[in-house]
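Residue-level structural notes
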Amino acid sequence: VHHENGINLKLHLEKTYFSARSGSERLRIAQQVKPGEQVLIMFSGAAPYPLVIAKNSQAKIVYGVEINPLAHQYALENVKLNKLENKIIILEGDVTDILPKINKKFDRIVMPLPKTGEQFLPLALKKAKKGTVIHLYDFLKEEEINSQAKVVKEICKNNKKPVHLLRAVKCGQFSPGVFRICFDLQVM
């Protein structure tokens, strides 16, 4: 059981992905959530982002979608463990199958899947409205950040949802010279 930002997170480290080093990043996102926001976490794992956001913000509701059945079971257990059943909805399955079935748009979308996250950006944009903030993660070398930001903006423009890059945040080191980067984007 991992303790972080006022939550307890039960998980099996060999069977579900989790990085304790991202704790401050999860809190950074939670602190940006405005009262009443509806938040979507794609690739939510054992629910660290949903739990930290629900516990440390006044979000109305937080949805988490996870394909790994074991991580999903831990997520359900963690929501109960932290007594956040009234603020978190956890769904099991592939985001490409689950998101079209959710009949709503979100105020904030978190995409904590580095390396391939931008492949799912068109799907996320379908659940975004004007003003939605999207947090998209990637592993990049410092000199790649600006060019990748342009790629991300082009994907959004091609999906008829232009975005403003609020910031690109270094939120951890992946390997020597490679950083975990979060692009904070706002749909215009």
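Please read all numbers here as calculations on a predicted model, not as lab measurements.

Basis of the calculations
Each chain has its residues counted from 1, following the order in which its sequence is written. Totals for whole chains, interfaces and linings use every residue, but because this is a predicted model, local features are given only for residues with pLDDT of at least 70 and side-chain atom pairs only at 80 or more, for both listing and counting. The basis for every side-chain value is the complete set of non-hydrogen atoms in the structure, without hydrogens or water. Definitions used for this entry: grid spacing 1 Å over protein atoms alone; cavity, a set of points where a 1.4 Å probe fits but cannot get out; pocket, an open set with protein on both sides within 12 Å along at least 5 of 7 lines; lining residue, one with an atom within 4 Å of a point. Grid points are joined across faces, edges and corners, and a volume is the space filled by probe spheres set on the points. Secondary structure is summarised from DSSP: a helix means a run of H or I of at least four residues, a strand means a run of E of at least two, and numbering begins at the N terminus for each. Residues are grouped as follows: nonpolar covers Ala, Val, Leu, Ile, Met, Phe, Trp, Tyr, Cys and Pro; charged covers Asp, Glu, Lys and Arg; every other residue, Gly included, is treated as polar. Between buried and exposed lies partly exposed: a residue is buried under 20% and exposed over 50% of the maximum accessible area for its type, with that area taken using a 1.4 Å probe on protein chains only. When a carboxyl oxygen of Asp or Glu is within 4 Å of a side-chain nitrogen of Lys or Arg, the pair counts as a salt bridge.

To continue, consider the layout of surface pockets. Reported here for the largest pocket is a volume of approximately 460 Å³. If you go around the largest pocket, you meet 26 residues; those closest to its centre are Tyr17, Phe43, Glu66, Pro112 and Leu113. Only helix 2 (48–56) and strand 4 (61–66) provide two or more residues apiece to the lining of the largest pocket. Computed from the structure, the second largest pocket encloses a volume of approximately 150 Å³. Along its surface, the second largest pocket is lined by Tyr17, Ser19, Arg21, Ser22, Phe139, Cys171, Gly172, Gln173, Phe174 and Arg180. Examining the composition of the lining of the second largest pocket, we find that four residues originate from one element, strand 8 (residues 163–175), more than from any other. Residue composition of the lining of the second largest pocket, grouped by class: four nonpolar, four polar and two charged.

On to unusual backbone geometry. Its identity as a non-glycine residue notwithstanding, Asn5 has a phi of 50°, on the positive side. For Asn5, the location among the structural elements is in the loop between strand 1 (2–4) and strand 2 (7–9). Note on Asn5: relative accessible area 24%, which makes it partly exposed. Although it is not a glycine, Ala47 adopts a positive phi angle of roughly 85°. By the secondary structure assignment, Ala47 is in the loop between strand 3 (38–42) and helix 2. Ala47 sits in the buried class, given a relative accessible area of 0%.

Attention now goes to the pattern of salt bridges. Tallied over the full model, the rule gives eight salt bridges. Between Glu4 and Arg26 there is a salt bridge, and its shortest N-O distance comes to 2.7 Å. Linking Glu4 in strand 1 with Arg26 in helix 1 (residues 23–32), this pair joins segments that are 22 residues apart in sequence. On the basis of relative accessible area, Glu4 is assigned to the buried category, the value being 9%.

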